[in-house]
Amino acid sequence: MSFNHIVVQNILRDKWTYISYFLSSVFSIIIFFLFTIIAFHPSLNSLDPDSTLGISLLLASMLVYLFSFIYITYSIMAFLKKKTKTLGIFMITGASMKQIRTLIFRENILIGALAIITAIVFGLVITPLFLMGAKVVLKAETFSMYFPLKAIVLTILLFIGLFVVISKVVTRFINKEASIQLLKSDTIIEKSIPKHPYLFGISIICSATLAYLLKINHHFVESLGILYYLIFFISFLCSIYLIISQGMRFLLKAFEKSPAYVRKTNMLLVSNLNAKMKSHANMLFLITILLSGVFLCTSILFSSYYNVAKDSEENYPYSFQYIADPKADLNMVKDDIDYLEKKLSTIDSQKYFIEFKSNEEIRLGYMSVSTYNLLKNKSVSLHDDEFIAVAGNRGLEPITNMPKDQILKNLKLASIDEKNLLSTGFQNTYFIVPDQLYDHIRFPVYQTYIFELANWTEHTELADKIMEHIPSLPDDRYVTSKIALYDSEMFVKSVMFFIGSMLSLIFLSAAMSILYFYLQTTLIQEREKYASIRKLGLSQKELFTVVSKELAILIFVPFAIAITMLFITLLAMRTMVSTTFLQVSMISSLSFLALFMISYLFIRKSYFKRLLTI
């Protein structure tokens, strides 16, 4: 019998253990493969790699691969933990540590190679359907089917390297003495979680302080840069772990002293939780962190996806805005405006012709109050010694104090308008002055033509044609359109939404897979324990109650903690988030709750059935 034959037979004899490891690997590879299919799609070839979207795709690809590395490493560790007893048998029969490590290495490489092939084949089968879905999400007309050769090669190379590295490193953690001891004793008693009240308090205070600094002292945060966020992240993780571990220890101790402890099967449940307190706390912590990432990522991406129209309008207030430079050719301006009017003649629209004057050296605009009223549809009146300061940039307050300005030095500020008057950034600030004063200002005049369309978000194709025909030309014309901006931003947000959805899917599936592996690694021990207890009189119904409560704790406690953290974050940011963000968070939370309820019912039925199987 050859060594490779032993490897194959070892896999076949314990196929259910290997299948769970194989399927988790296939899932990770498929997600990465499908993601790279999008990243290498010919429709994105023109994407600037240094742009926000290009960098986001690169970072997301790295994150998916890094998570796959961590996820597969965890799967192998869980797999080895379940195989420890089998490895002990090999050692007792005379196998050396070198042979054991070679056996595990070859098994992992064989499973890894099969997982890569299976993932790519299955990925190619579902690619047409996947691209159709991506086309709808990304709103890309040319997002067609293609043969993803680059994605295939990259997936094969990266994951072969991943399996080789992980297999080499993880096999070094195989402990001969522990394997033989487990084979002899057949059980391992976990160490209880120690009491750490001072560490718990310090961790909470540190995290709360760092979070408060993030809200009130932006200069301090910016001075530390990435170091601050790294410290905050580590402190946050420590706090969550201590809340879960110390909270679990406290609640169990408190419950033992309550009258409910001796009722029905509560004593058995608490005893079981106490025996596995540390492993349960670790599992709750891992699932909580993964779910927190899912919930926060989903809420942010959905809300930003639905705020594109509002954001576009805040940057470019009008459907089309044509500003003629004072040096522009009047015939060119006339031809451009005729073209615009012709294109928009069949569409419900409004046209405005206005003008303003600009101090070009410091980019300050001056506008008459009658023109301001026309644009804003208001009836504001100004005294001869008053002016209004209007924002020229989104998010920046208008300039109000210009002591050296010859025009404003004798005027007093009447009011401030923080909403963009024209396209953001064209002028720093617009000063609205009385009509008589405006006529005496001697600065270059910018003629401006504004077109506002009804249902403007539905005219993206028209906007693309117009912007292509009359693009902005420095020293001639400055053309902007909130429709074109909306279209481009929707594409960016759609890609970001797609990336976030993929990452959320990975995190959510990983949370369920980690729980599945945890239950699988303890299945034999739990089966033997409950079989012994049933001989003492425990009914099948009582066993079902204990198992149901324990699974509910493992599934819904992380969910409750993650949801609580999400809404604490929303409460802290209540002045910064929109109503849409809150609505989306509520809807997504209820959707995830329904999904978790279905998962709980399925896992409970499957696990209980296998628990009773002898």
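This write-up is about the structure you can find in this document. (Residues numbered from 1 in each chain as written. Predicted model: local features only at pLDDT ≥ 70, side-chain atom pairs only at ≥ 80, totals over all residues. Heavy atoms only, no water.)

1. A look at the side chain of asparagine 272
Then comes step 1: Tracing the backbone shows asparagine 272 in helix α10 (residues 266-275).
Then comes step 2: We classify asparagine 272 as buried; its relative accessible area is 3%.
Then comes step 3: Within the structure, asparagine 272 has its side chain in polar contact with the side chain of glutamate 550 (distance 2.5 Å).
Then comes step 4: Residue contacts for asparagine 272: discarding those within four places in its chain leaves Glu526, Lys529, Tyr530 and Glu550. (Helix = DSSP H or I, 4+ residues; strand = E, 2+ residues; numbered from the N terminus. Buried < 20%, exposed > 50% of the residue type's maximum accessible area, 1.4 Å probe, protein only. Polar contact = N/O pair within 3.5 Å; in protein donor to acceptor, adjacent residues only side chain to side chain. Contact = heavy atoms within 4.5 Å.)

2. Some words on the sheet that holds strand β6 (residues 429-433)
Then comes step 1: Spatial ordering of the open sheet is given by β5-β4-β6-β3-β2-β7-β1-β8, a layout of eight strands whose pairing is mixed. Looking at the sheet topology across the chains shown, the edges are occupied by β5 (412-417) and β8 (477-480). Strand-to-strand twist of the sheet, defined as the mean angle between neighbouring strand axes without regard to direction, takes the value 25°. (Pairing = 2+ DSSP bridges. Axes fitted to C-alpha atoms, helices over the stretch in contact; angles between N-to-C directions.)

3. Describing the pairing of strand β1 (residues 320-324)
Then comes step 1: Summarising burial for β1: five of the five residues are buried, a large majority.
Then comes step 2: Here β1 shows two buried faces, one formed by Phe320, Tyr322 and Ala324 and the other by Gln321 and Ile323.
Then comes step 3: Two elements, β1 and strand β7 (residues 445-453), share five bridges in a ladder whose sense is antiparallel. In the strand pairing of β7, glutamine 321 is matched with isoleucine 450.

4. Some words on the packing of helix α9 (residues 226-256) against α10
Then comes step 1: Between α9 and α10, the least distance of the axes is 11 Å, while the angle of their chain directions is 150°. It follows from the interaxial angle that α9 and α10 lie roughly antiparallel. Relative to α10, α9 is oriented so that their crossing is left-handed. Of the residues in α10, those touching α9 at Met248, Leu252, Phe255 and Glu256 are Asn266, Val270, Leu273 and Asn274.
Then comes step 2: Here the contact of α9 with α10 is composed, by residue class, of five nonpolar, two polar and one charged. (Parallel < 35°, antiparallel > 145°, perpendicular 65-115°, else oblique. Left-handed = near helix turned anticlockwise from the far one by under 90°. Nonpolar A, V, L, I, M, F, W, Y, C, P; charged D, E, K, R; others polar.)

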